[in-house]
Structure formats: C-alpha cells, structure tokens
Amino acid sequence: MQQTRIRPMTESGILSAVAIVMIIMSVYLPVLGVVTGIIWPVPLTLLGVRHGYTWSLLAVVITGLVTAMVLQPLTALQAVLAFGGMGVVLGHAIRQKYHPLKTLLVTTAASLTGVLAVLALGFLVMGINPLSDQLDMMTEAFGEVQTMYRTTGLFNEEQLTSMAAMSAATLELLKLLLPGLLVLTSVVYAWVNLLAARVLLRRLGTEVPTFPPFTEWHLPRGILYAGAVVAVMFYWGHYRDVQPLDTISANLGMLLLVLFFLQGLSLFYYLADKYNLSRLVKGIILFLTFTNGFCMELTFFAGLWDVVFDYRRLRSRSLK
C-alpha cells in the first residue's frame, strides 16, 4: 500500500512545483506571463486524470501555500481562487470520460465561479470593484486621448464631441454586457485549458474524447425558442423600461449572437471543404468576416438560417 502511494505523492510534488513556477512566471513575465497565468492549472488537471481529484485538491493547497510564501499571500489566493478549481474539475471530468461538451460546460462553470470569487475577494478585502476600476481607467484613457487630439489640432471641436459621445456609449454598453463578457471569458479559459491538457495527455498516452470536426457543429433547434424568449424580454426591458429584463436580455442576446456566429462559421467551413476553396480564398473570407461588420452580420444570419433549415442535415444524421 505504501508503494502505491509513493508515485502519486511524487507526481503531486513535481506537478505542484510546475504550477508554482508558472504562477511566478505570470507575475514577472510581461507577455508569456499572460499565457502561463491562464494555463497554470493544467498540471493540476494532469494529476487529477492520473490519480483522482483528491490528489489534485492536495496540489491546489500546496501550490497556494508555497506561492503565498514566495509571492504575496493575496496574489496566491487570487490565483488559486481564479483557476485552481477549474483545474481540479477539468481533471475529474476527463478522468470520468465525460462527453466533451459536458466537460467544457462544467469547466466553464468552475472558471466562472473562480472569477466571481476573485471579484468578491477584492470587494471584501480591499473594498474595491475591479471591474469598475477597469471601466474608470478606460474612461480616463478616453479623456486623455481626446485631450491629446484637442492639443494637436487633428480634429475640430465637433468631431471631438462626437468621439466623446461614442466613447461614453461604448462604456455604457460594456457596463451593461459585463455579465455576458464574464461568461464568454470563462468559456475561453476553460477551452484553452482543455486543449492544453488534451495535447499533454495525448503525449503521455492518454486519449481524451474530442469534439466532432468543426464542419459538423450544430445548435439544437430549441435554441430558437430561447431566442424568442430573449426577444420578448428585450421588448419589455428596453421599450417598457423594465431595467432587470433589459440587462438580462442584452447579455443573453449577446451569448446567442456568439452561438449563431459560430454556427455560421461552421457552415462556411463545410461549404469551403465541399467546394475545395483554396487556403488563400478561405483566409481572405475569414479576414473579412472578423473585420467587416456586414460580413459578421452575414455570418450570423447564415448560422441562424442553418439552425432553422439544417442545410447540412446534421440533426437527421445524428438521429440514425
């Protein structure tokens, strides 16, 4: 029995050390630190896949304590709260062989919980709202830019007034969409960690269930009913001045827009493969899709159309 515990203990120590180094790198390295700050839970995930979530939880505690001694305790607590749980949940999901979508969903939930915990910590310990501080910094930056433009004389007063109004509208929109943006950020964090863990586990000889090819992604038709509910909520919230409904519908609507946009991209890749488009043509179309407003709207409506009519017949195929 003692022999069987030596290997998990050894790997727990090694992988905890790797996680600690990655957290330290996230603090001191300007560019690479951003990447390591997001994927440092991957060692915890590997440990959980190989030996169970108990060992990955132990690694979280070790990582937090050692990082608190090396760096500031508050920095260590923020790192562990934000991403530690995500690493443990992802490792458990992979070990239990969850469906890839379920794995992504539970990992996203853990990531979102961690982000909210960090925000709550900042408010309780320092009495500040990090999100409000970020918006205040953006407001100050917009003001400094406008002052610089006024000093250099590049724009007249009417143009500066228009820019100020546009900046204020952008900030108000960001405030309104903050909950949805937090959810999207959590999805990105979960997705990046899932990809990184999959690559490393494959090298270690462990296969992780993968999503179907992007050309075969499709949304359930029931999402159209969700869209109808959001549209009704938006009407009552925006035009009948029911503020909670306005906020909820705006954030849910943004998430639906992203989903339909992804469906449109999936349809584009399917058609590109079907008609053998060259890489150059595909690259040009993708560049226009992400930089041109009209092309983005076209992709969104293509995704909506595909959900309604199932052009690729994916849903009927999955029922067979």
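Residues numbered from 1 in each chain as written. Predicted model: local features only at pLDDT ≥ 70, side-chain atom pairs only at ≥ 80, totals over all residues. Heavy atoms only, no water.

Colleague: Where do I start with the pattern of salt bridges in this structure?
Modeller: Opposite charge on two side chains permits them to pair, given that their charged atoms come into close proximity. What the rule picks out here adds up to four salt bridges. For Arg-50, the salt bridge identified is with Glu-11, shortest N-O distance 3.0 Å. One end of the pair, Arg-50, is in helix H3 (residues 42-51); the other, Glu-11, is in helix H1 (residues 2-28), with 39 residues separating them in the sequence. By relative accessible area, Arg-50 is classed as partly exposed at 30%. Assessed through its relative accessible area of 16%, Glu-11 is described here as buried. Its salt-bridge partner being Arg-312, residue Asp-306 comes within 2.6 Å of it at the nearest N-O pair. Asp-306 sits in the buried class, given a relative accessible area of 2%. (Salt bridge = Lys/Arg side-chain N within 4 Å of Asp/Glu carboxyl O. Helix = DSSP H or I, 4+ residues; strand = E, 2+ residues; numbered from the N terminus. Buried < 20%, exposed > 50% of the residue type's maximum accessible area, 1.4 Å probe, protein only.)

Colleague: How should I be thinking about the UniProt feature "transmembrane region" (unreviewed entry) in the protein chain in this particular structure?
Modeller: This chain's UniProt record puts "transmembrane region" (unreviewed entry) on residues 14-40, 52-70, 106-128, 176-201, 222-239, 251-272 and 284-305. End C-alpha atoms of residues 52-70 are separated by 27 Å, and the span's content is 95% helix alongside 0% strand. Between the C-alpha atoms that bound residues 176-201 there is a distance of 40 Å. The span itself is 96% helix and 0% strand. (UniProt positions renumbered as here; feature names shortened; annotations may be inferred.)

Colleague: In this structure, what is going on with the side chain of Thr-107? I would like to understand it.
Modeller: In this fold, Thr-107 is placed in helix H6 (residues 100-126). Here Thr-107 falls in the buried class, since its relative accessible area comes to 1%. If near-sequence neighbours (up to four positions away) are discounted, Thr-107 is found in contact with Met-86, Val-89, Leu-90 and Ala-190. (Contact = heavy atoms within 4.5 Å.)

Colleague: What is the right way to look at the packing of aromatic side chains in this model?
Modeller: For any pair of aromatic rings, the description consists of the separation of the ring centres together with the inter-plane angle of the planes. One pass over the full model with this rule turns up 14 aromatic pairs. Ring centres of Tyr-270 and Tyr-311 lie 6.3 Å apart, and the angle between their planes is 80 degrees; this geometry places the pair in the edge-to-face category. Placement of Tyr-270 in helix H11 (residues 243-274) and of Tyr-311 in the loop between helix H13 (293-309) and helix H14 (314-318) is noted, with a sequence separation of 41 residues between them. Summarising the aromatic geometry, the rings of Trp-305 and Tyr-311 are spaced 5.6 Å apart at their centres and angled 40 degrees between planes, so their arrangement reads as tilted. The partly exposed category is assigned to Trp-305, whose relative accessible area is 38%. Cluster of aromatic residues (ring-pair linked, three or more members): Trp-191, Phe-211, Phe-214, Trp-217, Phe-268 and Tyr-269. The ring of Tyr-98 has Lys-102 lying over it, and the distance from NZ or CZ to the ring centre is 4.2 Å. (Phe/Tyr/Trp six-rings, centres within 6.5 Å; stacked < 30°, edge-to-face > 60°. Lys NZ or Arg CZ within 6 Å of the ring centre and 35° of its normal.)

Colleague: Teacher, can you tell me more about the domain arrangement of the protein chain here?
Modeller: How big an interface is tends to be expressed through the accessible area that disappears when the partners come together. Looking at the assigned domains, one finds that the protein chain contains domain 1 (5-127 + 179-204) and domain 2 (214-318). Each of domain 1 and domain 2 has a C-alpha centre, and the two are 31 Å apart. Counting from both sides, the interface comprises six residues of domain 1 and, opposite them, five residues of domain 2. Summed over both sides, the interface between domain 1 and domain 2 buries roughly 410 Å², with carbon and sulfur atoms accounting for 87% of that surface. (Domains from an automatic or database assignment. Buried area = accessible area lost by both parts, 1.4 Å probe.)

Colleague: Help me understand a nonpolar patch on the surface in this model?
Modeller: The grouping of Tyr-275, Leu-277, Leu-280, Val-281, Ile-284, Ile-285, Phe-287, Leu-288, Trp-305, Val-308, Phe-309 and Tyr-311 at the surface amounts to a nonpolar patch, some 1,100 Å² of accessible area in total. Residue assignment for the nonpolar patch shows that the elements contributing at least two residues are helix H12 (279-291) and H13. As for its position among the elements, Leu-280 is in helix H12. (Patch = residues over 30% accessible without salt bridge, like charges linked within 9 Å, V, L, I, M, F, W, Y side chains within 5 Å. Areas by Shrake-Rupley, 256 points an atom, 1.4 Å probe, with all protein chains shown as cover.)

Colleague: Is there a simple way to think about helix H9 (residues 178-203) in this case?
Modeller: Given 3.6 residues to a turn, an α-helix orients residues that are three or four positions apart in the same direction. Compared with the 38 Å implied by 1.5 Å per residue over 26 residues, the 38 Å span of H9 between its first and last C-alpha is a close match. Among the residues of H9, Gly-180, Leu-182, Ser-186, Ala-190, Asn-193, Leu-194, Ala-197, Arg-198 and Leu-201 are the ones counted as buried. Of the residues trailing H9, Gly-205 is marked for its positive phi of about 90 degrees. (Expected span 1.5 Å × (residues − 1).)

Colleague: Explain the nonpolar core here, please?
Modeller: Nonpolar side chains in soluble globular proteins generally cluster together in the buried interior. One finds Trp-40, Ile-94 and Leu-201 to be the most contacted residues of the largest nonpolar core, which totals 32 residues. Among the secondary structure elements, those contributing two or more residues to this core are H1, H3, helix H4 (53-70), helix H5 (73-95), H6 and H9. Setting aside its immediate chain neighbours within four residues, Leu-201 contacts Leu-46, Val-49, Ile-94, Thr-206 and Val-208. By size, the runner-up hydrophobic cluster in this structure holds seven residues, among which are Val-230, Leu-256, Phe-260 and Phe-300. (Core = buried A, V, L, I, M, F, W, Y, C linked by side-chain atoms within 4.5 Å.)

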